[in-house]
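# Topology and contacts: notes
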Amino acid sequence: MASTESQPRFGQSVKGLLSDKVGSCSGDVIALTRQVLKGSRSQELLGQAARNMVIQEDAILHSEDSLRKMSIITTHLQYQQEAIQKNVEHSKNLQDQLRHLLK
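Residues numbered from 1 in each chain as written. Predicted model: local features only at pLDDT ≥ 70, side-chain atom pairs only at ≥ 80, totals over all residues. Heavy atoms only, no water.

As recorded in an unreviewed UniProt entry, the protein chain goes by the name BLOC-1-related complex subunit 7, listed as coming from Umbra pygmaea. A UniProt comment under Sequence similarities (unreviewed entry) is attached to the protein chain, and it reads "Belongs to the BORCS7 family." Of the protein chain, the UniProt comment under Subcellular location (unreviewed entry) reads exactly: "Lysosome membrane". (UniProt positions renumbered as here; feature names shortened; annotations may be inferred.)

### Here we look at the overall build of the protein chain
Scanning the protein chain for helices and strands turns up one helix and zero strands. In the form shown here, the protein chain has an accessible surface area of approximately 9,800 Å², with 62% of it arising from carbon and sulfur atoms. (Helix = DSSP H or I, 4+ residues; strand = E, 2+ residues; numbered from the N terminus. Areas by Shrake-Rupley, 256 points an atom, 1.4 Å probe, with all protein chains shown as cover.)

### Description of a nonpolar patch on the surface
Nonpolar side chains collect at one region of the surface, where Leu98, Leu101 and Leu102 lie side by side and expose about 390 Å² of accessible area between them. Along the chain, leucine 98 falls in helix H1 (residues 2–102). (Patch = residues over 30% accessible without salt bridge, like charges linked within 9 Å, V, L, I, M, F, W, Y side chains within 5 Å. Salt bridge = Lys/Arg side-chain N within 4 Å of Asp/Glu carboxyl O.)

### Observations concerning the pattern of salt bridges
For the structure shown, the criterion picks out four salt bridges. The salt bridge involving glutamate 44 is made with arginine 41; its shortest N-O contact spans 3.3 Å. Separated by three residues within a single helix, glutamate 44 and arginine 41 lie in helix H1, roughly one turn from each other. Arginine 68 serves as the salt-bridge partner of aspartate 65, at 2.8 Å between the closest nitrogen and oxygen. Within this pair, aspartate 65 and its partner arginine 68 are both found in helix H1, separated by three residues, close to a single helical turn. On the basis of relative accessibility, which here comes to 45%, the residue arginine 68 falls in the partly exposed class. (Buried < 20%, exposed > 50% of the residue type's maximum accessible area, 1.4 Å probe, protein only.)

See below:
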């Protein structure tokens, strides 16, 4: 009789162990799925960051080109300002000469 009593206990313990193992494996599969989804999301974020970086690089290059052009324009404006100042000085000299002639 002892052997018949141990059989149901052994069967029940195997079922319990099997149930625990299935539960553990299910938990592992869920954790693995979450990790894969997180990795997929990370990959998407890295791709988006790379695209944004390329866009920023283009914007920086465009800004650099604009600054170079503005520097050239500034130099030309300085030359024009100097020419205008010289002309103002010449006009003052001419006005002085005209005043002396009209006296």
